[in-house]
Structure formats: structure tokens, C-alpha cells
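Listed below, chain by chain, are the residues.
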Amino acid sequence: MWSGDDLDLDAYLERIGLREVSGAPGELRADLATLYAVHRAHTAAITFESLDVLLGRPVALDVRSLEEKLVHGRRGGYCYEQNSLLAAALERIGYEVTGRGARNRTRGDSLLAVTHAVLVVTVDGEEWLCDAGFGHQGPREPVPLGCPGADVEQGRWTYRIRAEEDGVLVLCLLRGDTWRDLYAFSPQRYHPVDYVVLNHYSSGHPHSSFVGRVIVQRPGDDVRRALVGRELALLHPDGRTERRLVAPHELLTVLDQEFGLRLPDREAEELVGMYLAGD
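This write-up is about the structure you can find in this document.

### Focus on the overall build of the chain
Helix and strand counts for the chain stand at nine helices and 13 strands. Relative to the globule expectation of 19 Å for 279 residues, the C-alpha radius of gyration of the chain, 18 Å, shows essentially globular dimensions. Along the longest, intermediate and shortest principal axes, the C-alpha atoms of the chain span 55 × 45 × 35 Å. Per-residue burial over the chain gives 52% buried out of 279 residues.

### Regarding the pattern of salt bridges
All chains considered together, the criterion is met by 23 salt bridges. A salt bridge links Arg57 to Glu267; the shortest N-O distance between them is 3.8 Å. With Arg57 in the loop between helix 4 (51–54) and helix 5 (63–72) and Glu267 in helix 9 (residues 265–277), this residue pair connects regions lying 210 residues apart in the sequence. Residue class for Arg57 comes out partly exposed when judged on its relative accessible area of 21%. With relative accessibility at 16%, the residue Glu267 sits in the buried group.

### Observations concerning the packing of helix 8 (residues 251–259) against helix 9
Relative orientation of the contacting elements helix 8 and helix 9 amounts to 120°, with a least axis distance of 10 Å. Judged by the inter-axis angle, helix 8 sits oblique to helix 9. Contact residues: helix 8 offers Leu251, Leu252 and Leu255, while helix 9 offers Ala268, Leu271, Val272 and Tyr275. Broken down by class, the residue content of the contact of helix 8 with helix 9 amounts to seven nonpolar, no polar and no charged.

### Re the side chain of Arg140
The residue Arg140 is located in the loop between strand 4 (126–130) and strand 5 (143–144) in this model. A polar contact is formed between the side chain of Arg140 and the backbone oxygen of Arg40, at a distance of 2.9 Å. Among the polar contacts made by the side chain of Arg140, one reaches the side chain of Thr43 at a distance of 2.7 Å.

### Concerning the sheet that holds strand 10 (residues 215–219)
Read across the sheet, five strands follow the order 1-10-11-12-13 without closing on themselves; strand pairing throughout is antiparallel. Strand pairing shows two members of the sheet lacking a second neighbour, strand 1 (48–49) and strand 13 (241–245), which therefore form its edges. Bridge count for strand 10 against strand 11 (residues 224–228) is five bridges, and the pairing is antiparallel. If you follow Val216 over to strand 11, its bridge partner there is Leu227. The strands touched by helix 8 within the sheet are strand 10, strand 11, strand 12 (231–235) and strand 13, with strand 11 carrying the most contacts at an inclination of about 155°.

### A word on the packing of aromatic side chains
If you walk through the whole model with that rule in mind, you get nine aromatic pairs. Between Tyr36 and Trp128, the aromatic rings sit 5.9 Å apart at their centres with planes inclined by 75°, giving edge-to-face as the arrangement. Here Trp128 lies in strand 4 and Tyr36 lies in helix 3 (residues 32–45), a separation of 92 residues in the sequence. Given the relative accessible area of 27%, Tyr36 is considered partly exposed. You can call Trp128 buried: its relative accessible area is 12%. Look at Tyr190 and Tyr195: their rings are 6.3 Å apart centre to centre, the planes differ by 25°, and that puts the pair in the stacked class. Members of the aromatic cluster, each reached through a chain of ring pairs, are Trp2, Phe48, Tyr78, Tyr80, Tyr190, Tyr195 and Phe210. The ring of Trp157 carries the charged tip of Arg224 above its face, separated from the ring centre by 4.4 Å.

### Points about the nonpolar core
Counting residues in each nonpolar core, the largest one holds 47 residues, and the members touching the most others are Tyr12 and Ile16. At the level of elements, helix 1 (9–15), helix 3, helix 5, helix 6 (79–93), strand 3 (114–123), strand 4 and helix 7 (192–204) are the ones that each hand at least two residues to this core. With nine residues, helix 6 is the single largest residue contributor to this core. With residues up to four places along the chain from it excluded, the contact list for Tyr12 reads Leu7, Val38, His42, Val71, Leu85, Leu86 and Ala89. Formed by 20 residues, the second largest nonpolar core is a distinct cluster that contains Leu54, Leu234, Leu263 and Leu271.

### Remarks on unusual backbone geometry
Despite not being glycine, Ser3 shows a phi value in the positive range, around 55°. Relative to the helices and strands, Ser3 is located in the segment before helix 1. Here Ser3 falls in the partly exposed class, since its relative accessible area comes to 36%.

Reading the values: the criteria
Residues numbered from 1 in each chain as written. Predicted model: local features only at pLDDT ≥ 70, side-chain atom pairs only at ≥ 80, totals over all residues. Heavy atoms only, no water. Helix = DSSP H or I, 4+ residues; strand = E, 2+ residues; numbered from the N terminus. Rg over C-alpha atoms; globule rule 2.2 N^0.38 Å. Buried < 20%, exposed > 50% of the residue type's maximum accessible area, 1.4 Å probe, protein only. Salt bridge = Lys/Arg side-chain N within 4 Å of Asp/Glu carboxyl O. Axes fitted to C-alpha atoms, helices over the stretch in contact; angles between N-to-C directions. Parallel < 35°, antiparallel > 145°, perpendicular 65-115°, else oblique. Contact = heavy atoms within 4.5 Å. Nonpolar A, V, L, I, M, F, W, Y, C, P; charged D, E, K, R; others polar. Polar contact = N/O pair within 3.5 Å; in protein donor to acceptor, adjacent residues only side chain to side chain. Pairing = 2+ DSSP bridges. Phe/Tyr/Trp six-rings, centres within 6.5 Å; stacked < 30°, edge-to-face > 60°. Lys NZ or Arg CZ within 6 Å of the ring centre and 35° of its normal. Core = buried A, V, L, I, M, F, W, Y, C linked by side-chain atoms within 4.5 Å.

This is how it looks when you write it as C-alpha cells:
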């Protein structure tokens, strides 16, 4: 389903820093330990960003294009790109991978459309939520779906799955002493073609949150980083958030030092020009 056979798995594993410890692709086992290792390595290595949307470039979701951009080009991507690439890699390793569509719940009580792509991976009959594409608040590791209400500690961050009516599951994050909903998803399976439709809206509709502004994020083990527009926010597990404005002359340095992201010269020049135009 996810065109895993089209992916250069060696190159992907090298990109996320697992090539040397994993051995040959054929030696990888589709077990829980490998799932954890791949998920953590992917979220550590590949930055969440939607800069191509801002720059007016098409966002392709076929595996060859994703490999060229995120693997060989060492760029990042947003949820459809990140999770489509992760799905292809997991499928190639031998996992059963299905898609889900989720509603973002981080923006208050507004009912938002289903625009977020997540994955469900089955290991030994148990389902695990895998998501490399929710930016700085997203999980670094798989989250078990079989025990709603249980705390899932990932380093200094704690997640929980809450069950609602009609089979809806909600991923929640503990910030300080408060549980906050991140997104909700139903049991309905989504396919790659469904993500093409969602991607079309997110990359081009004027009401999309990705259109017209810089969005770059990274889910670190300790501090979570997010650059949205001109504001750089640092999130801490205890609920604190540090904020500061990023000036045009320091944009590329911030992208490099805070997010490990370096753009080709042409894209970097265009991005700084658009940033300046906002003054």
C-alpha cells in the first residue's frame, strides 16, 4: 500500500542514523524494539517543516519524491510527507501499517476538519500509534492503543490515549499539571490517495494554517522547539514556554542551530526575502 518497495531503505536508515547499528535491511526484524528505534531516530533526524508550502512549491507524496527531498536532500516535511515516508520504511521492513485521519484539537473548542495524517502499526496483534508528523508536541516513540487511560512516559514527556464514543481515540499530552488534547482519530482507515486530497487542501487552501507563514518544529527529548511566523517558542515538560522574536538576519542561523535545517542557496534566499517582506 505504501510503496515500500520503491524506497532505498539503506539510504533512509543512514539518514536517520540507524544504518550502522541495524546491519543489512534483510536483518531488520519487524518487532517492537525495531519500531521504537526507527520512530525515535526518524523524529530526531527529520525536522517538521512546511517551507515548500510557503515558497509556493508543490508537495509531492510519492515515495521517490519523498526520498529525494527528505532523505537525499536532507530536508524536512509536514505530516503527509513525514508519515508517508515512515509508512514506506516500516512496510519495507515488514510491518502491517494502516493510515488514519485526525482532527487537531490544540486550537481551543473549534471543530476542525480532518487534516492530520497518522499511522497505526500492528505488532504481534497489538496496535500502536506512530506519528512522526505532529511537530514539536508529537510523540517521539510509538504509543500503545490497547490501554486507553494509561500514562505513557517518553523521557520527561507523558502521553495518554483517551477513548471517546464511536471508537474515537484522543492523543493527550501532559503539560505541567494539565492534560491537553492534541488530536482525535476514528477507526476508519485512510489510504495514501486520501492523504493526497488532504495534502491538496493543506498546501494550497487560503484557510490552511500552513499557507503564508513559516512553520518549523522539532520534538526534542527535553525542550520542544517551534518557529511559527516570527516567534520561536521553547516548550518545557513542566508547562513553561519561552518565546522570542526571530529577526530576518538571524532566520537561517536559527533554522540551522535550533532545527538542524539547511536550505539550498536559492530556497534560503527566497525565504529570507519573504521574511523581510513581512516587515
